Structure formats: C-alpha cells, structure tokens
Amino acid sequence: MFWLLATLAYLLGSLSFAILLSRLSGGPDPRASGSGNPGATNMFRLAGKRLAILTLIGDLLKGLLPVVIASLLGFSLHQQAWIGLAAVIGHMYPLYFNFHGGKGVATAAGMLLGLYPPAALLAVAAWLLTFILTRTSSLAALIATPLTLPLLAWQQPAALLPVCALTGLIVWRHRGNLRDLYAGRERHF
C-alpha cells in the first residue's frame, strides 16, 4: 500500500499547474519563457497575479493531499514524509511533461504543512522575510527549507531524513540560481 500511495503521489505531483493554466489561458509555456521554471514565481512574471496564485495553490495542494491521505490511512510520520517527497519529485520531474518541472518550493510547503504545520509556518515566515528584504524568490527558497531541519530534528525526528532529502533536491534544482546569486545577476522583483 505504501508503494501504491507513493506512486500516486508522484503522479499527482507530475501535474504542472503552471503549464496547464498557461495552456488554458493561451499564454506562453513557462518552461520556454521568463526564467524557464513552471512555478508560481515565473507565472507571476508571465501571466500575472491571478494565475500565479492559482499555480501556487495547486502546487501546494499537490504536496499536502498525499500526506493527509497517508495520515488518514494510518501511515507513520516517516512514511508520510516519503510519500510527500514523492509528490515533490513528481513536481520537479513530471512524467506528463518530459520530466521538465519546477523547483518544488510550493509543493514542499504543502508537504511540510501536512507533516508538521509549525515547520511549514517557519518556512513561510523565513521565505517572506527573506523575500521582503532581498526581493529574490530563489534566495528566499534556499533559506526557508533548511531552516526547518533543526525544528524537525527536535520535534519530529521521524520526518527528518525525507526532509533532508527534500532540502538537497531543492538546493540542487536551484543550482543555476546559486551561480547567478554568486555572480550578482539573479532576477529580483
């Protein structure tokens, strides 16, 4: 049952709301425009606030729903975290879109919200503070996710290993942003 739910979580995560909403609205493919990332930030740049918010909500729910379902089915917190990670991997490497997906930040936030809401609140607060101070979405994401690790190690250690893997994947997906940040050419709002 665990592998079935993890597979379903991956398939749900593979639904790219940015791409689907762009197609429905007649807008450009976010993988080929702007930053090239099919996520809420690029959708804001390409299609405006409304579609960016819808993308954010859809991506967040992709991480939240599998964890909630796993919890309702009686899976341990450790198993819930791996199932949530499968959804994030689906977002990053979507089966339906040639494995060219987003960076997983909103889906990871949904996963954290389902696993341990205080960790999600910490990540959101860190993201918002960093974004307000720097106007740089990628830097905010790179700071927010790792900040949840000490809290999880203290309060929910069963979720720590999957969330460490999640953090590593998010940093990996932001490697181009890290180069741009270091070179001083990262996009700001």
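Analysis parameters
- Residues numbered from 1 in each chain as written.
- Predicted model: local features only at pLDDT ≥ 70, side-chain atom pairs only at ≥ 80, totals over all residues.
- Heavy atoms only, no water.
- UniProt positions renumbered as here; feature names shortened; annotations may be inferred.
- Helix = DSSP H or I, 4+ residues; strand = E, 2+ residues; numbered from the N terminus.
- Buried < 20%, exposed > 50% of the residue type's maximum accessible area, 1.4 Å probe, protein only.
- Lys, Arg positive; Asp, Glu negative; His and termini not counted.
- Salt bridge = Lys/Arg side-chain N within 4 Å of Asp/Glu carboxyl O.

Student: Would you mind going over the UniProt feature "transmembrane region" (unreviewed entry) in the protein with me for this structure?
Tutor: When the UniProt feature table is mapped to this numbering, "transmembrane region" (unreviewed entry) covers residues 6–24, 51–75, 81–99, 111–133 and 153–172. Split by type, residues 51–75 is 88% helix and 0% strand. Its first and last C-alpha atoms lie 34 Å apart.

Student: I'm lost on the side chain of Glu 186 in this one. Help?
Tutor: Position of Glu 186 relative to the elements: it lies in the segment after α10 (175–183). No salt bridge forms around the buried Glu 186; measuring N to O, its nearest opposite-charge neighbour Lys 103 is 6.1 Å away.

Student: Whenever I open this one, unusual backbone geometry confuses me. Can you help?
Tutor: Backbone phi values are negative for most residues with the exception of glycine, while trans is the configuration of most peptide bonds. One non-glycine residue, Phe 99, lies in the positive phi region at around 60 degrees. Relative to the helices and strands, Phe 99 resides in the loop between α5 (77–92) and α6 (105–115). The partly exposed category is assigned to Phe 99, whose relative accessible area is 48%. For Arg 135, which is not glycine, the phi dihedral falls at a positive 60 degrees. Structurally, Arg 135 can be placed in the loop between α7 (117–134) and α8 (137–155). On the accessibility criterion, Arg 135 (37% relative accessible area) is partly exposed.

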